[in-house]
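Fold and contact review
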Amino acid sequence: MLKDITIGQYFPGNSMVHEIDPRFKIIITGVFITMLFTAEDFAALAIGIIFLSLSFSLSKIPFKLMLKSLKPIAPIIIFTSILNIFFLDGVTLFKIGFIKVTYEGLELSAFMVIRIIALIMGSSLLTYTTSPIVLTDAIERLLNPLKKIKLPVHELAMMMTIALRFIPTLIEETDKIICAQKARGADMESGGLMKRAKAMTPILIPLFVSAFRRAEELALAMECRCYQGGDGRTRLKQLKSDAGDYSALSVSILFLSAVILLNTLV
């Protein structure tokens, strides 16, 4: 299961989506999320799904990888659907004891599941097609106006990107610790909930120690390279936008407008 978590990973490529200015990709991702939460019915939600499908096809990200990224959140999706199916009042389809399934519950459950899946996939596409360093620069550029109110924009962007960058590393470290503990005879899969929770202690403690050690090594490496924040910092690659970036943003806004228009007509 841990190997299926692809959040924060970057997959190099030369597709149209890879080439879009990262600042525009962040804005387009925000527009897409607005599409999903603005949609009030399946027809409006379908417009967001079409936009997502178009984006993935242009990014050349394998469909298997897209499905792989959904495996870790499967329990959340199932739990959300169950809550909506069994605990929403409406027209009763059938009833078994105290369990009642309603038409409105099934409809809302399907709607929420599709929305969550699309949200995860659309957000993942940003990290799939953008390297952490470039993403840091994009976030910092977008937050630059906040410097006027003395907000540490560079430090905030750096912290967000470092956290995102080290998700795959911590996942890999956790997998190694689990394998090492199992090799020593640790049983983490049998027993009740409390027993399994106690079995996680030999994993969590080394993981925290490893995380703090990595943080200390990173801080030492930055200090050795005379890192002093964003003041006076130069960049090897400058972010430049072109007509393709504005076209991509315009298309996303058109899709959002279609969702809003469809909501008003229904």
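For the structure itself, look to the data block above.
The following paragraphs examine the structure supplied in this document. These figures come from a predicted structure and were not determined experimentally.

Below, the discussion takes up the overall build of the chain. Along the backbone of the chain there are 11 helices and two strands. Taken over 266 residues, the chain has a buried fraction of 35%. Accessible surface, the chain as shown: approximately 16500 Å² in total, 68% of it carbon and sulfur.

A word on the nonpolar core. Formed by 32 residues in total, the largest nonpolar core has its most connected members in Phe-32, Met-35 and Phe-56. When contributions to this core are tallied by element, the ones reaching two or more residues are helix 2 (22-38), helix 3 (42-59), helix 4 (63-68), helix 6 (103-128) and helix 11 (243-265). No other element matches the seven residues that helix 6 contributes to this core. Apart from the residues within four sequence positions on either side, Met-35 is in contact with Gly-48, Phe-51, Ser-252, Phe-255, Leu-256 and Val-259.

According to the stated counting rule, one finds two salt bridges in the structure shown. The residue Arg-23 makes a salt bridge to Asp-21 at a minimum N-O spacing of 2.7 Å. Given the relative accessible area of 17%, Arg-23 is considered buried. Looking at Asp-21, the relative accessible area reads 3%, which means it is buried.

Turning our attention to helix 5 (residues 74-86). Counted at 1.5 Å a residue, the expected span for helix 5 with its 13 residues is 18 Å, and the 18 Å between its end C-alpha atoms agrees. Considered for burial, the residues of helix 5 that qualify are Ile-77, Thr-80, Ser-81, Asn-84 and Ile-85. Angularly, the buried residues of helix 5 cover 130° about the axis, an arc narrow enough to put them on a single face. Opposite the buried face of helix 5, at more than 90 degrees from it, the exposed residues are Ile-76 and Phe-79.

Basis of the calculations
The residue count restarts for each chain, going from 1 along the sequence in the order it is written. Thresholds applied to this predicted model are a pLDDT of at least 70 for local features of residues and 80 or more for the giving and counting of side-chain atom pairs; totals over whole chains, interfaces and linings are not thresholded and use all residues. Only hydrogens and water are set aside; all other atoms, that is, all heavy atoms of the structure, feed into the side-chain values. Counting from the N terminus, the helices are the DSSP runs of H or I reaching at least four residues and the strands are the DSSP runs of E reaching at least two. For every residue, the accessible area obtained with a 1.4 Å probe (protein chains only) is divided by the maximum for its type, and the residue is called buried under 20%, exposed over 50%, and partly exposed between those limits. To be clear on the numbers: accessible area is Shrake-Rupley with a 1.4 Å probe, and residue cover counts the displayed protein chains and nothing else. We call a set of buried Ala, Val, Leu, Ile, Met, Phe, Trp, Tyr and Cys residues a nonpolar core when their side-chain atoms join them within 4.5 Å. Residues count as neighbours in contact if any of their non-hydrogen atoms are within 4.5 Å of one another. What counts as a salt bridge is simple: a side-chain nitrogen of Lys or Arg found within 4 Å of a carboxyl oxygen of Asp or Glu. A helix's residues, less one, multiplied by 1.5 Å, set its expected span. Throughout, the arc means the angular range of directions from the helix axis out to the C-beta atoms.

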